[in-house]
Amino acid sequence: MNRGTIIALVVCSFLPLAHAAPEPREGVKVGQPSAMRKLVPAEGLERQATQEFSQLKQQAAAKKALAPDDHPQMRRLRQIAARIIPHAARFNARAQQWQWEVVLIGAQQVNAFCMPGGKIAVFSGLLLGLQLTDDEAAVVMGHEIAHALREHARERIAKTELTRLGASLLSEFVGGGKYSGVFSAGGQLMTLKFSRDDETEADTVGLELAARAGYDPRAGVTLWKKMMSANKGAPPQWLSTHPSGNNRIEEIERHLPDVMPIYERTKSQSRQDGVVQR
Ligand SMILES: [Zn+2]
């Protein structure tokens, strides 16, 4: 703990409770989630995600494209996820109750996603097509998990529903937060497009998750370079749902100083604990 942190903690502990500023936290900064997301109940969305995910698994299995549990790449993905997941709750307390799942789909798409409730799918076109290292795979998974933790899908669906309902109903719903309508299913969650701000947030939170799990967040830079060069041919699907800005790599580089100390500490910790380094 450096001197600045100690002073900040001391100052905080003397603040009266009612005015207590949030404890300064290490890592990337995230804003308050949009209040609008409350219009869509988290439970409902997680149920929908579970249904869509099991449909995806069935479809993939029918095409013999669902990697079996003992597939080496499947095991690799699950190992990476298992190291990231314990750090998820700091970004969303609900994550402790999620029934996390990870599948590997054998398909050429350069794609990956994590649905609300922790349902993760990675396509072999991304993992193997781009020959991702463990660090790069951890950054991708961290990014996707961050979308779920920060409830970007919930917020996006709430905004879409509001536009549909019309402004006249707005105050009623915002006031009560009692929206219980049915939002259309049919793979919606898999193809949801996020905003630029959501993407930036997923990038930065994803870097922190990777760092906490002991993966090198600098892999975010090499990952994006691979994505961009893959994009020279046919545009990878991941990029079509993940609008890319020219400054994305720069933005990742700008956030590295927030997460590198976490990574260095995790690494030295695991050395002390005698964990075999990769
Ligand atoms: Zn994204």
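Residues numbered from 1 in each chain as written. Predicted model: local features only at pLDDT ≥ 70, side-chain atom pairs only at ≥ 80, totals over all residues. Heavy atoms only, no water.

> Got a minute to help me understand the pairing of strand β3 (residues 119-123) in this structure?
Along any regular strand the residues' side chains alternate between the sheet's two faces. Counting buried residues in β3 gives five out of five residues, a clear majority hidden from the surface. Here β3 shows no split at all, with K119, A121 and F123 on one side and I120 and V122 on the other all buried. Across five bridges, the pairing between strand β1 (residues 101-105) and β3 is parallel. Each residue of the ladder has a partner; that of V102, found in β3, is I120. In terms of strand pairing, strand β2 (residues 112-115) meets β3 through four bridges, oriented antiparallel. Among the inter-strand pairings, F113 is bridged to a residue of β3, identified as A121. Connecting β2 to the antiparallel partner β3 that follows it, the hairpin turn spans three residues, and G117 within it adopts a positive phi of roughly 95 degrees. (Buried < 20%, exposed > 50% of the residue type's maximum accessible area, 1.4 Å probe, protein only. Helix = DSSP H or I, 4+ residues; strand = E, 2+ residues; numbered from the N terminus. Pairing = 2+ DSSP bridges.)

> Teacher, can you tell me more about the confidence of the model for the protein chain here?
Any segment with low pLDDT has predicted coordinates that should not be analysed in fine detail. With 73% of its residues at a pLDDT of at least 70, the protein chain reaches an overall mean of 80. Taking the mean pLDDT of every element in the protein chain, the minimum, 42, falls on helix α1 (residues 3-14) and the maximum, 98, on helix α3 (residues 72-84). Note that residues 5-20 has pLDDT below 50 and, in this model, eight contacts with residues that lie over four places away or in other chains. In this model residues 167-186 is a low-confidence stretch, pLDDT under 50, and it forms 23 contacts with partners more than four residues away in sequence or in other chains. (pLDDT = per-residue confidence, 0-100. Contact = heavy atoms within 4.5 Å.)

> In this structure, what is going on with the packing of aromatic side chains? I would like to understand it.
The relation between two aromatic rings is expressed through the spacing of the ring centres and the mutual angle of the planes. Enumeration according to the criterion identifies two aromatic pairs in this entry. Their ring planes at 55 degrees and their centres at 5.3 Å tell us that W98 and W100 sit as a pair that is tilted. The class for W98 is buried, based on a relative accessible area of 8%. The side chain of R83 reaches across the aromatic face of Y215, ending 4.1 Å from its centre. (Phe/Tyr/Trp six-rings, centres within 6.5 Å; stacked < 30°, edge-to-face > 60°. Lys NZ or Arg CZ within 6 Å of the ring centre and 35° of its normal.)

> How should the sheet that holds β1 be read in this particular structure?
By definition, the strands of a sheet pair up through backbone hydrogen bonds, in either a parallel or an antiparallel sense. Pairing in this open sheet of three strands is mixed, and the strands run β1-β3-β2 from one edge to the other. In the strand order of this sheet, the two ends are held by β1 and β2, each with one partner. The mean angle between the axes of side-by-side strands here comes to 15 degrees, regardless of whether they run parallel or antiparallel. Across the face of the sheet, α3 comes into contact with β1 and β3 while running at roughly 145 degrees to β1. (Axes fitted to C-alpha atoms, helices over the stretch in contact; angles between N-to-C directions.)

> For this particular structure, what's the right way to read the side chain of H255?
Structurally, H255 can be placed in helix α11 (residues 248-272). Excluding residues within four positions of it along the chain, H255 makes contact with T204 and L207.

> Whenever I open this one, unusual backbone geometry confuses me. Can you help?
Excluding glycine, residues mostly carry a negative phi; peptide bonds, for their part, are mostly trans. Phi is positive for K64, close to 55 degrees, though the residue is something other than glycine. Mapped onto the elements, K64 comes out in the loop between α2 (42-62) and α3. Residue class for K64 comes out exposed when judged on its relative accessible area of 79%. Positive phi, normally seen in glycine, also occurs at E151, with a value near 55 degrees. Tracing the backbone shows E151 in the loop between α5 (134-149) and α6 (152-165). Judged by its relative accessible area of 10%, E151 falls in the buried class.

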